[in-house]
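These are the residues of each chain, in order.
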Amino acid sequence: MVYLREIIKKNKTQISQYNNIETVAYLYVSSSTQSTQLENINFELSPEETVALDGYLNKPDTYEKIISIISKPSIKGIDATSNIFKFSGLYLGAKDLLEDKLTERFLKGNLKEQFFLSKVEPSLKDLLIQSLNLDLKDPFSVLANKLLEVNDVSETDINNALTSIISKDLDIYTLLLLEEFENQLLQVKFISKTPEEVLRGIFHNFPNAVQKIISNRRKGHPEFEIKDEYDVQDLLYVILKSIFPNMRDEDPIPKVGSKSTKIDLILREEKILIEVKMIKEKDSNETHFIEQLKVDFESYHKCVWLDKLFCFVYDPFKKTRDVAYFNDLNGKRTKGEHNYDVEVIVVN
């Protein structure tokens, strides 16, 4: 996945260096860029391509110019629809005029051109699906079938197709296909995991991930110091908020006896709470944290909706003598009619 992302990035940079009509089309259609970038680039275009650019930008007063271009007779079989990137811009500037020509151009195009046109005009996607056949010798066909879920393709066929495609420079059609293909893979990767599985992966990878900001920052940028559990909590908040947008932090719960406890991170919809601890350099061992968690556990029964409590313990100085003491806290906690599951994860 990372390798595929780097291939996409490299080819995107390469294509973006050419300020031609192909670049205009790519920037408009690409899911990884914003079409508003088009307004900030000085393109090197012919007069007709400049009109097409205005169509991509949805500028007013381009309709009459488009009619003039479309009305020109073909020369040796070449007309306004021949260059698909120019024609797409013209179509966008005069959809009602060129709807039939768009369909005609789609039907006579090859698979790559049809895929591109379906990105310009999403209503063509159904027509693309209807006409899509599977050619195992064509890597583009294999990936398109997988992406659109038309014909079944094996993992071996997909891997072979990807290997073949990324072994050479990508054209705009293939780059757009790979961008969408990668987005689909990322969605499947997360959709197929439960929230608990996603959280476990983040917790276990936390020490590795934070190395970038605590010891490997860019020249001239200060390193980030993780001094206590509040620093850990803030870092986790940034990471988890992007995946669980409804997550909240530090919510007090009703007192148990004379003690009031604040919940560090709350995923209410997932019925999950996250308690964050950090064993600092001055701490001698884990004993204090074990006792503290035992007391906190009684308070969490006040959250009657709670099903899962994660206790994330960051031990960068490796002060834990025996992680089994933390593991002994794992399991069901029951009080009255309420019970929830505890899972302690210790990393260093």
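Residues numbered from 1 in each chain as written. Predicted model: local features only at pLDDT ≥ 70, side-chain atom pairs only at ≥ 80, totals over all residues. Heavy atoms only, no water.

Trainee: Explain the overall build of the protein to me, please; I cannot follow it from the model alone.
Mentor: Tallying secondary structure elements over the protein gives 16 helices and six strands in all. Over its C-alpha atoms the protein spans a radius of gyration of 28 Å, topping by over 25% the 20 Å that the globule rule assigns to 348 residues. The principal-axis extent of the C-alpha atoms belonging to the protein is close to 90 × 50 × 40 Å. Out of the 348 residues belonging to the protein, those deemed buried represent 43%. Considering only contacts in the protein between residues 6 or more positions apart, those separated by 24 or more positions represent 61%. (Helix = DSSP H or I, 4+ residues; strand = E, 2+ residues; numbered from the N terminus. Rg over C-alpha atoms; globule rule 2.2 N^0.38 Å. Buried < 20%, exposed > 50% of the residue type's maximum accessible area, 1.4 Å probe, protein only. Contact = heavy atoms within 4.5 Å.)

Trainee: Please explain the packing of helix 5 (residues 84–93) against helix 6 (residues 95–108) as it appears in this structure.
Mentor: When two helices pack together, their arrangement is given by the angle between the helix axes and by the axis-to-axis distance. At their nearest, the axes of helix 5 and helix 6 sit 7 Å apart, and the two run at 145° to each other. Crossing hand, helix 5 versus helix 6: left-handed. Across the interface between the two elements, Ile84, Phe87, Leu90, Tyr91, Leu92 and Gly93 from helix 5 touch Lys95, Leu98, Glu99, Lys101, Leu102 and Arg105 from helix 6. Residues that form the contact of helix 5 with helix 6 fall into these classes: seven nonpolar, one polar and four charged. (Axes fitted to C-alpha atoms, helices over the stretch in contact; angles between N-to-C directions. Left-handed = near helix turned anticlockwise from the far one by under 90°. Nonpolar A, V, L, I, M, F, W, Y, C, P; charged D, E, K, R; others polar.)

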